[in-house]
Amino acid sequence: MRDLILAVLTGIISVVLFIYVSFSMRCKGPILSNSYLFASEDERKNIDKKAEYRMVSVVFCHLAIIFALLTIYILTSWKVCIYGVYVLIVCVVVYAIKQAIQTEQR
């Protein structure tokens, strides 16, 4: 029963993240990145919003896939899903660090 509740919870998180990604890919909605959220009003005017939306879309899409794979793993116990989660976590961390460095250089 606990596994089913956890699977439903991770599934809901995955769906919500996919919905956010669908909006951010169209440059709609809030930009949920630290570089944008912690910037002052003057800095926000100079930030390239398309680049921020792209970065947010890529990161949150990876997170949505991670939660979808976790849901599948909880329901089926397929080891391939958990290996995919580990690979995606490494990829999203590397991508986020790379983008943060590029953002700071601008």
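This report concerns the structure included in the present document. Quick caveat: nothing in here was measured; it's all calculated off a predicted structure. Counting of residues starts from 1 at the beginning of each chain's written sequence and follows it residue by residue. This being a predicted model, a pLDDT of at least 70 is required before a residue's local features are given, and a value of 80 or more before pairs of side-chain atoms are given or counted; all residues contribute to the totals for chains, interfaces and linings. With hydrogens and water excluded, all non-hydrogen atoms of the structure serve as input to the side-chain values.

1. Considering the packing of helix α1 (residues 2-25) against helix α4 (residues 49-76)
Here is step 1: At a closest axis distance of 8 Å, the pairing of α1 and α4 adopts a crossing angle of 160°. Taken together, α1 and α4 sit at an angle that is classed as roughly antiparallel. Crossing of α1 against α4: the hand is left-handed.
Here is step 2: Counted by class, the contact of α1 with α4 contains 21 nonpolar, 6 polar and 1 charged residues. Angles shown run from 0 to 180 degrees and are taken between the N-to-C directions of axes, each axis being a line fitted to C-alpha atoms and, for helices, limited to the stretch in contact. Put simply, DSSP marks the helices as runs of H or I at least four residues long and the strands as runs of E at least two long, and each gets a number from the N terminus on. Roughly parallel refers to an angle under 35 degrees, roughly antiparallel to one over 145, roughly perpendicular to one between 65 and 115, and oblique to any angle outside these ranges. What makes a crossing left-handed is the near helix being turned counterclockwise from the far one by less than a right angle; a clockwise turn instead makes it right-handed. Charged residues are taken to be Asp, Glu, Lys and Arg, nonpolar residues to be Ala, Val, Leu, Ile, Met, Phe, Trp, Tyr, Cys and Pro, and polar residues to be all remaining types, Gly included.

2. Observations concerning the nonpolar core
Here is step 1: Joining through side-chain atoms within 4.5 Å is the link that ties buried Ala, Val, Leu, Ile, Met, Phe, Trp, Tyr and Cys residues into a set, and such a set is a nonpolar core. Exposure categories follow from relative accessible area, calculated using a 1.4 Å probe and restricted to protein chains: below 20% of the type maximum is buried, above 50% is exposed, and the middle band is partly exposed. Grouped together as the largest cluster of nonpolar side chains are 13 residues, with contacts concentrated most on Ile31, Met55, Val56, Val59 and Phe60.
Here is step 2: Listing elements by their share of this core, those giving two or more residues are α1, α4 and α5 (79-105).
Here is step 3: Per-element accounting of this core gives the leading share, 6 residues, to α4.
Here is step 4: Aside from chain neighbours lying at most four places away, what touches Ile31 is Tyr20, Tyr36, Leu37, Lys49, Glu52, Tyr53 and Val56.
Here is step 5: Counting 5 residues, the second largest nonpolar core, distinct from the first, contains Ile66, Cys81, Val85 and Leu88. Residue contacts follow a heavy-atom distance rule, with two residues in contact if any of their heavy atoms lie within 4.5 Å.

3. Comments concerning a nonpolar patch on the surface
Here is step 1: A grouping of Met1, Leu4, Ile5, Val8, Ile12, Val16 and Leu75 is seen on the molecular surface, where their side chains present a nonpolar patch of about 740 Å² in accessible area.
Here is step 2: In terms of residue count, α1 provides more of the nonpolar patch than any other element does, 5 residues in total.
Here is step 3: Looking at the element boundaries, Leu4 is found in helix α1. Like charges are joined within 9 Å and nonpolar side chains (Val, Leu, Ile, Met, Phe, Trp, Tyr) within 5 Å, but only among residues with over 30% relative accessible area and no salt bridge; these make up the patches. Accessible surface is estimated by sampling points in the Shrake-Rupley manner with a 1.4 Å probe; for residues, cover comes only from the protein chains shown. Here, a salt bridge means any Lys or Arg side-chain nitrogen found within 4 Å of an Asp or Glu carboxyl oxygen.

4. A few points about α5
Here is step 1: One less than the residue count of a helix, multiplied by 1.5 Å, gives the span that helix is expected to have. In this model, α5 (27 residues) spans 40 Å end to end at C-alpha, consistent with the 39 Å of a helix rising 1.5 Å per residue.
Here is step 2: Along α5, the residues classified as buried are Cys81, Ile82, Val85, Leu88, Val92, Tyr95 and Gln99.
Here is step 3: Considering only its buried residues, α5 is in contact with α4.

5. A short note on α1
Here is step 1: Its 24 residues place the ends of α1 34 Å apart at the C-alpha level, agreeing with the 34 Å of an ideal helix rising 1.5 Å per residue.
Here is step 2: Within the sequence span of α1, burial applies to Ala7, Thr10, Gly11, Ser14, Leu17, Tyr20, Val21 and Ser24.
Here is step 3: Lining the buried residues of α1 we find α4.
Here is step 4: Backbone geometry just after α1 places Cys27 at a positive phi near 60°.

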